[in-house]
Amino acid sequence: MAAPKVAVVGAGVIGLSTALCIVESCPSCSVTVLSEQFSPNTTSDVAAGMLIPHTYPGTPIHVQKQWFKETFTYLFAISNSAEASEAGIHLVSGWQVFKNTPKEELPFWSDVVLGFRPMSEAELQKFPQHQFGQAFTTLKCDCPPYLLWLEKRGFFSALLLESLYRLKATGVQMYTRKVADLWELHSEYNIVVNCTGIGAHQLVGDKKLFPVRGQVLKVHAPWVKNFIRDGDGITYIYPGIHRITIGGTREKENWNLSPDPGTTKDIFDRCCSLEPSLQGAQDIKVKVGLRPSRQCVRLQREVLSQGGVKLLVVHNYGHGAGGFSVHRGTAKEAARLVRECIAALQGASSRAKL
Ligand code: FAD
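The rules we used
- Residues numbered from 1 in each chain as written.
- Predicted model: local features only at pLDDT ≥ 70, side-chain atom pairs only at ≥ 80, totals over all residues.
- Heavy atoms only, no water.
- Phe/Tyr/Trp six-rings, centres within 6.5 Å; stacked < 30°, edge-to-face > 60°.
- Helix = DSSP H or I, 4+ residues; strand = E, 2+ residues; numbered from the N terminus.
- Buried < 20%, exposed > 50% of the residue type's maximum accessible area, 1.4 Å probe, protein only.
- Lys NZ or Arg CZ within 6 Å of the ring centre and 35° of its normal.
- Pairing = 2+ DSSP bridges.
- Expected span 1.5 Å × (residues − 1).
- Arc of directions from axis to C-beta.
- Contact = heavy atoms within 4.5 Å.
- Core = buried A, V, L, I, M, F, W, Y, C linked by side-chain atoms within 4.5 Å.

A.B. asks: Could you give an account of the packing of aromatic side chains, naming the residues involved and the relevant values?
C.D. replies: For any pair of aromatic rings, the description consists of the separation of the ring centres together with the inter-plane angle of the planes. Taken as a whole and judged by the stated rule, the model has 12 aromatic pairs. With 6.1 Å between their ring centres and 35 degrees between their planes, phenylalanine 72 and phenylalanine 76 make a pair best called tilted. Taken as a pair, phenylalanine 72 and phenylalanine 76 lie in helix α3 (residues 61-79) at a separation of four residues, close to a single helical turn. Looking at phenylalanine 72, the relative accessible area reads 4%, which means it is buried. The interplanar angle of 65 degrees and the centroid separation of 5.2 Å between the aromatic rings of tryptophan 109 and phenylalanine 136 together place this pair among those described as edge-to-face. One end of the pair, tryptophan 109, is in the loop between β3 (89-98) and β4 (114-118); the other, phenylalanine 136, is in strand β5 (residues 132-141), and 27 residues separate them in sequence. We classify tryptophan 109 as buried; its relative accessible area is 5%. Exposure remark for phenylalanine 136: the relative accessible area of 3% places this residue in the buried category. Members of the aromatic cluster, joined through ring pairs, are Trp109, Phe116, Phe136, Phe227, Tyr236 and Tyr238. Between the NZ or CZ atom of arginine 328 and the centre of the ring of tyrosine 74, over which it lies, the distance is 3.9 Å.

Right, dumping it as structure tokens:
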């Protein structure tokens, strides 16, 4: 069988990391990313990019932990390399604070992040409205730089693979294209990977997928070095390499992408009450994104068929509020499902020759 042709639809953090995992684990494939939007115009560009998992109620905890661990390990290695600044990956320490002690004092990811411990009384004095807290060090992706790094890494993967394995690889091709129906790709590609985020609501009619609107401010306040997250998950301050993301909102089923000025003021006031020095923040930019939310990430194979013709599909979408935290783990699993599809195609092709 000729080199399998794989189309990845979507160029957010999930599509780009999935395309990269496919070329890395299956160098003989030809991989193309097709997307309506690329960075800086995706939901992934709006995100803070912090590695603090969000829980998916429909996915077993050990699976979520594995995805987070794989992502943490991957990004930790980048943060510890010469690529760190270009990729926008860095370690950041800080506090998660609670007005009331949470039922679960040790979250499932506490032994994956670094140095997780209860906050001391002295640290808690910084937060007079809170009575309990956790201190730890985690990783943060500065989102547009990381997406550009993933694009470049996919594009140049051919050179890397050729030099490492002497394999003729093509790298990832990228084209702007809105896909109206996955079936429209059946004559050009053997396998289609659906990484369209909230776009899957329309593309595959997934009614279990819903938006959770998030409004954030990206501000200049270089003196703020530690992250601060209220345990309710709504108010947070996440310092990046150049700008700080302060937030936020979680508005279920709200599709409105326009910033709301009242919400901007509310976010700013809430964040200043956690970190009063933010009163001096400058160059405030407002961003809105729709978290592609679902009870569980849809990570599965599907076979579409029309008139006896088949198209193999792998879905990888629905990462909600935690796409950055688990992207490498889910991308690896999607790449494994693509390899299963290739084995099925090769099996069918050799049976046809007999
Ligand atoms: P997207 O980034 O939306 O990418 C989808 C891609 O598919 C786009 O390129 C789009 O153009 C393309 N597409 C859609 N439909 C079609 C179609 N029909 N044809 C062709 N292309 C199509 N997560 C964290 O882990 N940590 C955080 O700190 C964090 N902070 C966040 C803060 C906010 C305010 C928001 C909104 C989200 C945050 N998230 C965070 C969540 C994270 O942003 C998402 O989980 C993640 O970006 C989802 O990535 P994605 O690639 O699935 O979707």
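A.B. asks: Give me the lowdown on the pairing of strand β8 (residues 210-220), citing residues and values where you can.
C.D. replies: The buried fraction of β8 is high, at 10 of 11 residues. Bridge analysis of β8 against strand β13 (residues 282-293) gives 10 bridges, and the strand direction is antiparallel. Directly across from valine 212, in β13, lies its bridge partner arginine 291. In terms of strand pairing, β8 meets strand β12 (residues 251-252) through two bridges, oriented antiparallel. Looking across to β12, one finds that arginine 213 is bridged to glutamate 251. With four bridges joining them, β8 and strand β11 (residues 244-247) adopt antiparallel strand pairing. Bridge pairing in β11 places leucine 217 opposite isoleucine 246.

A.B. asks: Explain helix α8 (residues 261-274) to me, using residue names and the numbers behind them.
C.D. replies: Under the 1.5 Å per step criterion, the end-to-end length of α8 is 20 Å for 14 residues, consistent within 8% with the ideal 20 Å. Listing the buried residues of α8 in full gives Thr263, Thr264, Ile267, Phe268, Cys271, Cys272 and Leu274. The buried residues of α8 occupy an angular sector of 165 degrees when projected down its axis, which confines them to one face. Against the buried residues of α8 lie β3, β8, β9 (227-230), β10 (236-239), β11 and β13.

A.B. asks: Pulling in residues and values, what's your account of the nonpolar core?
C.D. replies: Core analysis: the biggest nonpolar cluster contains 65 residues, and Ile22, Leu75 and Tyr146 have the highest contact counts within it. Per-element accounting of this core gives the leading share, nine residues, to helix α9 (residues 323-353). Ignoring anything within four residues of it in the chain, the contact list for leucine 75 reads Leu51, Ile89, Leu139, Cys141, Tyr146 and His327. In this structure, Trp95, Phe127, Ile244 and Ile267 belong to the second largest nonpolar core, which totals 21 residues.

Fair warning: the whole summary comes from geometry, so function is off the table for now.
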